[in-house]
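# A closer look at the structure
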Amino acid sequence: MKKDKANEFKRELTVGEVAERSGLAVSTLHFYESKGLIRSNRSRGNQRRYPRSVLRRVAVIKIAQRTGIPLSEIQAALSVLPDDRPLTVEDWGRFSMTWQRQLDERIAKLTALRDQLTGCIGCGCLSMRDCPLRNPWDVLAAEGTGPRLIDPADGSEHEAS
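These numbers were taken from a predicted model, which means no experiment stands behind them.

## Here we look at helix 3 (residues 26-34)
- Those residues of helix 3 lying buried are Leu29, Tyr32 and Glu33. All buried residues of helix 3 fall inside an arc of 100° around its axis, so they share one side. Every exposed residue of helix 3 that faces more than 90 degrees away from the buried side is listed here: Ser27 and Ser34.
- Where helix 3 is buried, its residues meet helix 2 (15-22), strand 3 (48-50), helix 4 (54-66) and helix 5 (71-79).
- Positive backbone phi, at 80°, marks Gly36, one or two positions downstream of helix 3.

## As for unusual backbone geometry
- Its identity as a non-glycine residue notwithstanding, Asn46 has a phi of 65°, on the positive side.
- Summarising the element assignment, Asn46 is placed in the loop between strand 2 (41-42) and strand 3.
- On the accessibility criterion, Asn46 (51% relative accessible area) is exposed.

About the cut-offs
Residues numbered from 1 in each chain as written. Predicted model: local features only at pLDDT ≥ 70, side-chain atom pairs only at ≥ 80, totals over all residues. Heavy atoms only, no water. Buried < 20%, exposed > 50% of the residue type's maximum accessible area, 1.4 Å probe, protein only. Helix = DSSP H or I, 4+ residues; strand = E, 2+ residues; numbered from the N terminus. Arc of directions from axis to C-beta. Contact = heavy atoms within 4.5 Å.

Shown next as structure tokens:
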């Protein structure tokens, strides 16, 4: 019985088994594979077979996606690793440090945007002296008063830079 458990652990997983273990749809796994995020081998019957290490790879992909890291960046990070071994603690450390810096930058930008948003919508005129979101440096003041971006006098809409 012990020998069967050892063989079970060593064998590759079907796409259905990976889907069940990871909580992802089979179509998502196929998509990840098409994007180079994971890879499979083919059986004699041309069925996908995944190494067990794909479970950790999929977990990293899911966590990175949850934090908003684009798939292209996840793929770039994973592409430097060999496909035939699980991600190590060191691999995760490198990824998480890089992604943490990106998250910190994004949080800072979103915080600044949130803080500017309340100032910008306070009067509703969109041609304030200083509207950093929609009318930086009040460039639309030369066109007249009122909501220049919503109701332009000439009927055309434009975006302030």
